[in-house]
Every structure is written in structure tokens, then in C-alpha cells.
Amino acid sequence: MFTTTLTQPKSDNLPLDLFTAIEDLKTELNAVILAHYYQDPDIQDIADFIGDSLQLAKAAANTQADVIVFAGVHFMAETAKILNPDKLVLLPDINAGCSLADSCPPQEFAAFKAAHPDHLVISYINCSAEIKAMSDIICTSANAVKIVQQIPPQQGIIFAPDRNLGRYVIEQTGREMLLWQGSCIVHETFSEKKIVELKITHPQAEAIAHPECETSVLRHASFIGSTAALLNYCQTSPSQEFIVATEPGIIHQMQKLAPEKNFIPAPPQNDCNCNECPFMRLNTLEKLYLAMKNRTPEITMSEEIRLAALRPMVRMLEMSK
């Protein structure tokens, strides 16, 4: 089991220029800051590397830094620790969890797996270290279809934990799979009705979507892909306007890379900011600075769990080349 520091010291003496202070700490610690596209713009701008889950996993595997500061959520920082057991891995806010990872409790999943002993387990990277340790192969939204296509057709597959990504992979590959019924609270909140209304008021806009979205949303998208794929697509598409059905943090990078284009975040069903991941947004520039200054919260786990989780991670990296 992993253990973490549960509290983070508060400070009333934060430096006036956090960007400079963080850069100084990076040099002092030989640290690298990895940030997901769903982080606040300030964190994206200070990061050494920005990416989706697959890109960040590869960056974590290849870094020469002594300290990894992971501006993302818990399972992402765990992934960095799995790949870098001798490095200090810090998560700015230890409560930055993941609704999708939480929807797959290890004890319940172990029973599900035991009920289907002849099935290969492919788990989406958005899961805990314990679930990774029970898996045969890890995948991301960027490589899930490619990995499933490499599995012999007679081999049964359990796909966990995201049912929406699993359904999308089934549609793309024609493979039957047993799906764990997990989901992401953000990607399930987009309103099909409001997206249709947006397409009426913005008739030239392309709808693009992450495969974690519900099927009812995906059917209105002209392009479906991972976070990084969505970012690349909006740069190459001739369209000048996009309705973006994923966490709106990605729009910061879209606007930087295609400033002449207009990006509209897909609205949630209710009048709220539910299309923003509440866990991703727990990380702030101030917390990132304090994590580096105080060397906490640190991600740790038992070597038994780490080694068991490492094997399917390595398989993913090999199969996604």
C-alpha cells in the first residue's frame, strides 16, 4: 500500500514572485515539473513538460531529474513513482484524487477479476497503483485502441475502469470486452442538448470530444481523441471554431497554439462549473511552491505494489511505440 504525507504546512510568507521562486527551487533540487493539460494556466506556464497521461508517463520514465513535481492528480504522481522508485515525487495537493480511479475499489475489482480468470486485464492509466498491480497491460486514451488491436482475437479481455472509453474501444476494434462500470464525473457531465444548441448558434464550429465522454456526446463530434490528439487536431483542422468536450483546462494550450481560432468549452447539464475537474483544480501555484520548499506531500508505496504495477506499465510503453 502507498503512504502519503496528509498535511502540508501553511505559510504566510510566500514570495511575491512565485514564478522566480519556483525556478530557483527547481535549480536547487534538480527538479522537473510535469503538468497535465487540465491544470490552471499558471501551472501550465511554469511546467517543464505539459502533456496527457501517455505523454506524462513517457516524460516521467525518461527524466534525469532528482525530484519530480507532478501537477496533476494522485494516480499520475503514483505512475511517476512506479517508474522512478529512487526519485522524490511530490504532489502539490495530496487530496487531488480522481473520481474515475475512485470508482474502481481494489477489493471489489479483485473479486471481479477472480470471477473471470481466463481474461486479460487491460486497465486505463486513470486508476490506482493497486489496480495497476492487478493488470496485465495499462493503456491511455491515446493508445487504448492500438493496444487492444494487438491482443489475439480469441483472448478474453477485461477493460477497466472507464466504461465510456471501453465502449469507444469496442466500437473502434469490434472486440468484445467485459467492462468495469467506472466513469469520470467531468466527462459524464456534458449536456448533449446544450452541445446541439451550440452547434445551431455556431454552425461553423466543429465539435471535438474525449472518448471518456458519453456516447450521446461522442456522436455529435467530428473528431474524437485523447487530450493531446484534440490539441493537435485543432491546429491542423481548417476550422476556425471548436466546441471542446473535455476538461476546459486544455483550452489554454489551444489558444496559445492557435490564437486566431475560437474555442468554446462544452457546457455541463447544470448551470455550474462541473465541466472543470475539482481534483485537478486543487493544485495551485502556491501549493506547488510549498511542496518544493517543504519536500512534501511525497508519494511513496511498497516495493511489492510498485513492482507489480510496473510490469503492465512497461508493457504499455513497449506496445505503444
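Quantities reported herein were computed from a predicted structural model and do not represent experimental measurements.

A. Expanded view of the overall build of the protein. On a plain count of helices and strands, the protein comes out with 15 helices and 14 strands. Taken over C-alpha atoms, the radius of gyration comes to 19 Å for the protein, in line with the 20 Å a tight globule of 321 residues would show. Expressed as lengths along the three principal axes of its C-alpha atoms, the size of the protein is roughly 50 × 50 × 35 Å. The buried share of the protein, reckoned over its 321 residues, is 56%. Pairs at least 24 apart in sequence give 66% of the contacts found in the protein among residues at least 6 apart. For the protein, the computed accessible surface area is about 13,600 Å², with 51% contributed by carbon and sulfur atoms.

B. Main features of the pattern of salt bridges. According to the stated counting rule, one finds 12 salt bridges in the structure shown. For lysine 256, the salt bridge identified is with aspartate 45, shortest N-O distance 3.1 Å. You can see lysine 256 sitting in helix α13 (residues 251-257) and its partner aspartate 45 sitting in helix α2 (residues 41-46), a full 211 residues away along the chain. Across the pair glutamate 214 and arginine 167 runs a salt bridge whose closest N-O atoms are separated by 3.9 Å. Of this pair, glutamate 214 sits in the loop between β10 (206-209) and α11 (215-218) while arginine 167 sits in helix α9 (residues 163-173), and the two are 47 residues apart along the sequence. Because the salt bridges share partners, they merge into one network encompassing Asp40, Glu247, Glu276 and Arg281.

C. Representation of the sheet that holds strand β8 (residues 157-160) in the model. Strand order across the open sheet formed by 4 strands is β7-β6-β8-β9, with parallel pairing between neighbours. Only two strands of the sheet have a single partner each, and these edge strands are β7 (137-139) and β9 (178-179). As paired strands, β8 and β9 are joined by 2 bridges and run parallel to one another. Looking at β9, one finds that isoleucine 158 is bridged to leucine 178. Of the strands in this sheet, β6 (120-124) and β7 are in contact with helix α15 (residues 303-319), which crosses β7 at around 60°.

D. Quick peek at the side chain of aspartate 52. Inspection of the secondary structure assignment puts aspartate 52 in the loop between β3 (49-51) and α3 (53-62). Among buried charged residues, aspartate 52 stands out as having no salt bridge; its nearest opposite-charge side chain is lysine 58, 8.3 Å away. Polar contacts involving the side chain of aspartate 52 include one to the side chain of serine 226, which spans 3.4 Å. Those residues in contact with aspartate 52, other than ones at most four positions away along the chain, are His36, Tyr37, Ala142, Ser226, Thr227 and Ala228.

E. Here's a closer look at helix α14 (residues 285-294). For α14, the complete set of buried residues consists of Leu285, Leu288, Tyr289, Leu290, Ala291 and Met292. Against α1 (18-29), β2 (31-36), α2, β4 (67-71) and β5 (88-90) lie the buried residues of α14. Arginine 295 lies just past α14 and shows a positive phi near 60°.

F. Layout of the nonpolar core. Formed by 83 residues in total, the largest nonpolar core has its most connected members in Ile122 and Met254. In this structure, isoleucine 122 is in contact with Ile137, Cys139, Ile147, Val148, Ile151, Ile157, Ile158, Phe159 and Ala160, ignoring residues within four places of it in sequence. Ile22, Leu90, Leu285 and Leu288 belong to the second largest nonpolar core, which has 21 residues in total.

G. Inspection of the packing of aromatic side chains at higher detail. Scanning the model with the defined rule gives 5 aromatic pairs in all. Geometrically, the ring pair formed by phenylalanine 109 and tryptophan 180 is edge-to-face, given 5.6 Å between the ring centres and 75° between the ring planes. In this pair, phenylalanine 109 is assigned in helix α6 (residues 106-114) and tryptophan 180 in the loop between β9 and α10 (192-201), connecting sequence segments 71 residues apart. Measuring from centroid to centroid gives 5.4 Å for phenylalanine 112 and tryptophan 180, while their planes differ by 75°, and the two rings are edge-to-face. In this pair, phenylalanine 112 sits in helix α6 while tryptophan 180 sits in the loop between β9 and α10, placing the two residues 68 residues apart along the sequence. Ring pairing ties together the aromatic residues Phe109, Phe112 and Trp180, which thus form one cluster.

H. Broad picture of unusual backbone geometry. Proline 161 follows alanine 160 through a cis peptide bond whose omega is -10°. Mapped onto the fold, proline 161 is located in the loop between β8 and α9. Unlike most non-glycine residues, asparagine 30 shows phi in positive territory, near 50°. Structurally, asparagine 30 is set in the loop between α1 and β2. Even without being a glycine, arginine 295 presents a positive backbone phi close to 60°. By secondary structure assignment, the location of arginine 295 is in the loop between α14 and β14 (299-300).

I. Looking closely at the packing of helix α4 (residues 74-83) against α15. Following both chains from N to C, one finds α4 and α15 inclined at 95°, their axes separated by 9 Å at the closest point. By the angle between their directions, the pair α4 and α15 is classed as roughly perpendicular. In contact with Thr79, Lys81, Ile82 and Leu83 of α4, α15 contributes Arg306, Ala309, Leu310, Met313 and Leu317. Counted by class, the contact of α4 with α15 contains 6 nonpolar, 1 polar and 2 charged residues.

Reading the values: the criteria
- Residues numbered from 1 in each chain as written.
- Predicted model: local features only at pLDDT ≥ 70, side-chain atom pairs only at ≥ 80, totals over all residues.
- Heavy atoms only, no water.
- Helix = DSSP H or I, 4+ residues; strand = E, 2+ residues; numbered from the N terminus.
- Rg over C-alpha atoms; globule rule 2.2 N^0.38 Å.
- Buried < 20%, exposed > 50% of the residue type's maximum accessible area, 1.4 Å probe, protein only.
- Contact = heavy atoms within 4.5 Å.
- Areas by Shrake-Rupley, 256 points an atom, 1.4 Å probe, with all protein chains shown as cover.
- Salt bridge = Lys/Arg side-chain N within 4 Å of Asp/Glu carboxyl O.
- Pairing = 2+ DSSP bridges.
- Axes fitted to C-alpha atoms, helices over the stretch in contact; angles between N-to-C directions.
- Lys, Arg positive; Asp, Glu negative; His and termini not counted.
- Polar contact = N/O pair within 3.5 Å; in protein donor to acceptor, adjacent residues only side chain to side chain.
- Core = buried A, V, L, I, M, F, W, Y, C linked by side-chain atoms within 4.5 Å.
- Phe/Tyr/Trp six-rings, centres within 6.5 Å; stacked < 30°, edge-to-face > 60°.
- Parallel < 35°, antiparallel > 145°, perpendicular 65-115°, else oblique.
- Nonpolar A, V, L, I, M, F, W, Y, C, P; charged D, E, K, R; others polar.

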